Amino acid sequence: ASSEELKAAYRRLCMLYHPDKHRDPELKSQAERLFNLVHQAYEVLSDPQTRAIYDIYGKRGLEMEGWEVVERRRTPAEIREEFERLQREREERRLQQRTNPKGTISVGVDATDLFDRYDEEYEDVSGSSFPQIEINKMHISQSIEAPLTATDTAILSGSLSTQNGNGGGSINFALRRVTSAKGWGELEFGAGDLQGPLFGLKLFRNLTPRCFVTTNCALQFSSRGIRPGLTTVLARNLDKNTVGYLQWRWGIQSAMNTSIVRDTKTSHFTVALQLGIPHSFALISYQHKFQDDDQTRVKGSLKAGFFGTVVEYGAERKISRHSVLGAAVSIGVPQGVSLKVKLNRASQTYFFPIHLTDQLLPSAVFYATVGPLVVYFAMHRLIIKPYLRAQKEKELEKQRESAATDVLQKKQEAESAVRLMQESVRRIIEAEESRMGLIIVNAWYGKFVNDKSRKSEKVKVIDVTVPLQCLVKDSKLILTEASKAGLPGFYDPCVGEEKNLKVLYQFRGVLHQVMVLDSEALRIPKQSHRIDTDG
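How each quantity is defined
- Within each chain, residue numbers correspond to sequence positions counted from 1 in written order.
- Only residues with pLDDT of 70 or above have their local features reported here, since the model is predicted, and side-chain atom pairs are shown and tallied only from 80 upward, although totals for entire chains, interfaces and linings are computed over all residues.
- Hydrogens are left out, water is left out, and the side-chain values use all remaining heavy atoms of the structure.
- UniProt positions are given in the numbering used here, feature names are shortened, and annotations may be inferred rather than shown by experiment.
- Centres within 6.5 Å make a pair out of two Phe, Tyr or Trp rings, where for Trp the six-membered ring is used; the pair is then stacked when the planes are under 30 degrees apart, edge-to-face when over 60, and tilted otherwise.
- Numbered from the N terminus, helices here are DSSP runs of H or I no shorter than four residues, and strands are runs of E no shorter than two.
- Two conditions define a charge sitting above a ring: the NZ of Lys or the CZ of Arg must be within 6 Å of the ring centre, and it must be within 35 degrees of the ring normal.
- By convention a nonpolar core is built from buried Ala, Val, Leu, Ile, Met, Phe, Trp, Tyr and Cys residues, the set being connected through side-chain atoms within 4.5 Å.
- Remark: exposure states derive from per-residue accessible area (1.4 Å probe, protein chains only) relative to the maximum for the residue type, with buried under 20%, exposed over 50%, and partly exposed in between.
- Should any heavy atoms of two residues lie within 4.5 Å, those residues are considered in contact.
- DSSP calls a pair of strands paired once it identifies at least 2 bridges connecting them.
- Angular values range over 0 to 180 degrees, each being the angle between N-to-C directions of two axes fitted as lines to C-alpha atoms, with helices fitted over their stretch in contact.

- In the annotation of an unreviewed UniProt entry, the protein chain is listed under the name DnaJ homolog subfamily C member 11 and assigned to Macaca mulatta.
- If you open the UniProt record of the protein chain and go to Subcellular location (unreviewed entry), you find "Mitochondrion outer membrane".
- A UniProt comment under Function (unreviewed entry) is attached to the protein chain, and it reads "Required for mitochondrial inner membrane organization. Seems to function through its association with the MICOS complex and the mitochondrial outer membrane sorting assembly machinery (SAM) complex."

Have a look at this one:
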């Protein structure tokens, strides 16, 4: 708002709430309180420095100590720069305390006995009538980060693996330094019980704004001697959503790989080709992203090479604020049929590959596809949905409890403001009627329930006819993109819940109606709001 608009609004509210305009002692007391609030607000917004502080920090910023040492001649832009500097310092302090833990737990399940049974040989063995499902491999890895300075970070990671009763583990320590805005380097040291010490060096560098390169050199010491390895990746942005990669790997399992990845708001597409020893393959995959609240994604891929051919399809969906559940079916020759279930919870990943059969059996494919869907929809309906509803209610209840005192105060202020507006509204209505202008017939603000599936929910609305009519000027009402709860005569009747403003108004003798979201801008009258009386 410009200074002229602020002055005009200040004058209008002063005329509305001036104590001398009210003889009733109770109304006079309420007017004094609201008049003082308006005066305080104008004092803040009319001073460029305090307005800049309020714009950045909000009301709390005005109560912070230390602003008295800031030079009065500083511009709003300089105050904003000062705030951003303080923000960076706070971010650095938070970095010191952040460990950014990441972990993966993978549990391999052998369920081939469900479809490939040895009925004849083991018919008489005790307990053989029940399929034998067993865990045949496990892998656990974890890493934490410890920021040392704004540019240096220490990373500690470890892993344990076991398969068919044999396994081992390793531990790694890395030190990463951001050398400039264009690159970083990382030194890595590791050791394990199956392999000897490991020394590695990783480098990242932006060559141009659209091109970067990463290099990873490693020396693995073992009983067989020193095994060097080198991996280099060159990447280039082909357009806003597409990146091309060239990878060369020398040493253990040497290979050359090229791939193109296109990632948009609604899809993710990858095509890759690798020539190497012992694995050479071609890969194509596609993922579709649905624009819904659950961030549903369906994907499919085809991979063919010297090892055989694998077709994989699946889906994933967000089941809570921090959790994503996914499942995929893998059908391959000679790998057979597998079901892969994955749960991402914040920075932790839980992965369950279930091997169903070594053969291509239609029954295995059917159960691997339909089974997870049935289980998911049953869990979603009976467990996940009720749990999320209960959590939402609990959060809303907490918000209501913490805001109860403030809401009560705002409600009292709004009711006082409505009483003080009565005389002004009467004059506005008389003026509007005389020229067939804008008359607010009815207006409600709060939570409306129009969906039949939500009929059990309670409607929570307040009547805001008087406050809206008071805002009418020259047969126009203009509300900006902001929550309506802050308007004079308004308050929040349902903290934390979705709100709307519904207005029934008359313009030039014709009824109009409109409903907008809480933070949506509104400008009336409009021809599109007109009620079709013929219908």
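### Re the packing of aromatic side chains
Then step 1. Under the criterion given, the structure shown has nine aromatic pairs.
Then step 2. Centre to centre, the rings of Phe-115 and Tyr-367 are 6.4 Å apart; their planes meet at 40°, and the pair counts as tilted. With Phe-115 in the loop between β1 (102-110) and β2 (134-147) and Tyr-367 in helix α6 (residues 362-434), the pair connects residues that are 252 residues apart, well separated along the chain.
Then step 3. Clustering of aromatic rings is evident, with ring pairs tying together Phe-115, Phe-366 and Tyr-367.
Then step 4. Across from the ring centre of Trp-184, 4.9 Å away, lies the NZ or CZ of Arg-176, which sits over that ring.
Then step 5. For the cation-ring pair, Lys-303 lies above Phe-281, with the distance from its terminal atom to the ring centre recorded as 4.4 Å.

### Let's talk about the nonpolar core
Nonpolar side chains in soluble globular proteins generally cluster together in the buried interior.
Then step 1. One finds Ile-440, Leu-468, Leu-477, Leu-501, Val-503 and Ile-524 to be the most contacted residues of the largest nonpolar core, which totals 23 residues.
Then step 2. Elements with a minimum of two residues in this core: α6, β18 (438-447), β20 (477-479), β21 (500-507), β22 (510-517) and β23 (522-524).
Then step 3. Excluding anything up to four places from it in sequence, Ile-524 contacts Leu-438, Ile-440, Ser-475, Lys-476, Leu-477, Val-503, Tyr-505, Val-514 and His-529.
Then step 4. Among the nonpolar cores identified, the runner-up in size contains 16 residues, and Tyr-10, Tyr-42, Ala-417 and Leu-420 belong to it.

### Notes on the pairing of β18
Then step 1. In terms of burial, β18 is a largely internal element, seven of the 10 residues being buried.
Then step 2. In this structure, β18 lies alongside β21, joined through eight bridges in antiparallel fashion. Bridged to Ile-440 within β21 is Tyr-505.
Then step 3. Note that β18 and strand β19 (residues 460-463) share four bridges and pair antiparallel. Bridge assignment links Lys-447 to a residue of β19, and that residue is Lys-460.

### Observations concerning the sheet that holds β19
Then step 1. Across the sheet, which stays open at both edges, the four strands sit in the order β19-β18-β21-β22 with antiparallel pairing between neighbours. The open sheet terminates on both sides in strands that have one partner only, identified here as β19 and β22. Recorded for the sheet is a direction-independent mean angle of 20° between the axes of neighbouring strands.

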